[in-house]
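# Tertiary structure, described
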Amino acid sequence: RVRLMPDFGAGWAGAVCAIMFDDPIAELVRLRLQATGIEARRWWGLPCHLHPAFSDYPRGKLDVSNDLAGRVLNLPFYPDLPDFAPERIRDAVVAAQKLETGR
């Protein structure tokens, strides 16, 4: 119910570690991670068309943008990340996802 972005680490070098949930729970998981001392960030925050500065511009439905904004989250990802951190982050994401979805 959560996965790395397509082809992560296979043929391209990424500067972020973005994960995508099946359910629109990215913000809820981010808040739960924050409560445990793990900083994560929404991939886009709000989609551009929902920011007040752009709200008056014409646009289509943008269903894909809305969908992805609710499901994609960036996890801590940097060279000096402590060795224990990936497992701690993984465990916190799994626990938060279970709390939010019951699965």
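Residues numbered from 1 in each chain as written. Predicted model: local features only at pLDDT ≥ 70, side-chain atom pairs only at ≥ 80, totals over all residues. Heavy atoms only, no water.

## A few points about the overall build of the protein chain
Within the protein chain, the secondary structure is distributed over three helices and four strands. Seen in sequence order, the protein chain has helices and strands lined up from the N terminus as β-β-α-β-α-β-α. Its C-alpha atoms give the protein chain principal-axis dimensions of about 45 × 35 × 25 Å. In the protein chain, the share of contacts with a sequence separation of at least 24, taken over all contacts with a separation of at least 6, comes to 68%. Just so you have it, the protein chain exposes about 6900 Å², and 58% of that area is on carbon and sulfur atoms. When the 13 basic and 13 acidic side-chain charges of the protein chain are each reduced to a single mean position, those positions are 5 Å apart. (Helix = DSSP H or I, 4+ residues; strand = E, 2+ residues; numbered from the N terminus. Contact = heavy atoms within 4.5 Å. Areas by Shrake-Rupley, 256 points an atom, 1.4 Å probe, with all protein chains shown as cover. Lys, Arg positive; Asp, Glu negative; His and termini not counted. Charge placed at Lys NZ, Arg CZ, Asp CG, Glu CD.)

## Some points on helix 1 (residues 26–35)
Here helix 1 has its buried residues at A26, V29, R30 and L33. Each buried residue of helix 1 sits inside an arc of 105° when the element is viewed along its axis, so together they form one side. One or two residues past the end of helix 1 sits G37, with phi positive at roughly 90°. (Buried < 20%, exposed > 50% of the residue type's maximum accessible area, 1.4 Å probe, protein only. Arc of directions from axis to C-beta.)

## Let's talk about the pattern of salt bridges
Counting across every chain of the model gives nine salt bridges. E27 is the partner of R30 in a salt bridge, and the nearest nitrogen-oxygen pair spans 2.8 Å. You can see R30 and its partner E27 sitting in helix 1, three residues apart, about one turn around the helix. Across the pair E100 and R32 runs a salt bridge, and its minimum N-O distance is 2.4 Å. With E100 in helix 3 (residues 85–101) and R32 in helix 1, the pair connects residues that are 68 residues apart, well separated along the chain. In this structure E100 comes out as partly exposed when scored by relative accessible area, which is 26%. Take R32: its relative accessible area is 35%, and that puts it in the partly exposed class. (Salt bridge = Lys/Arg side-chain N within 4 Å of Asp/Glu carboxyl O.)

## Some words on the nonpolar core
Counting residues in hydrophobic clusters, the biggest one holds 16 residues, and the most contacted among them are F21, V29, L33, L73, L75, I89 and V93. Put simply, the parts of the chain that give this core at least two residues each are strand 2 (17–21), helix 1, strand 4 (72–75) and helix 3. (Core = buried A, V, L, I, M, F, W, Y, C linked by side-chain atoms within 4.5 Å.)

## Description of the packing of aromatic side chains
Tallying each qualifying case throughout the model produces two aromatic pairs. Seen in terms of ring centroids, F8 and F77 are 5.8 Å apart; in terms of plane orientation they differ by 65°. Their pairing is edge-to-face. Linking F8 in the loop between strand 1 (2–4) and strand 2 with F77 in the loop between strand 4 and helix 3, this pair joins segments that are 69 residues apart in sequence. Residue class for F77 comes out partly exposed when judged on its relative accessible area of 38%. Arranged with centres 6.3 Å apart and planes meeting at 50°, the rings of F54 and Y57 form a pair that is tilted. F54 gets classed as partly exposed once you look at its relative accessible area, which sits at 39%. (Phe/Tyr/Trp six-rings, centres within 6.5 Å; stacked < 30°, edge-to-face > 60°.)

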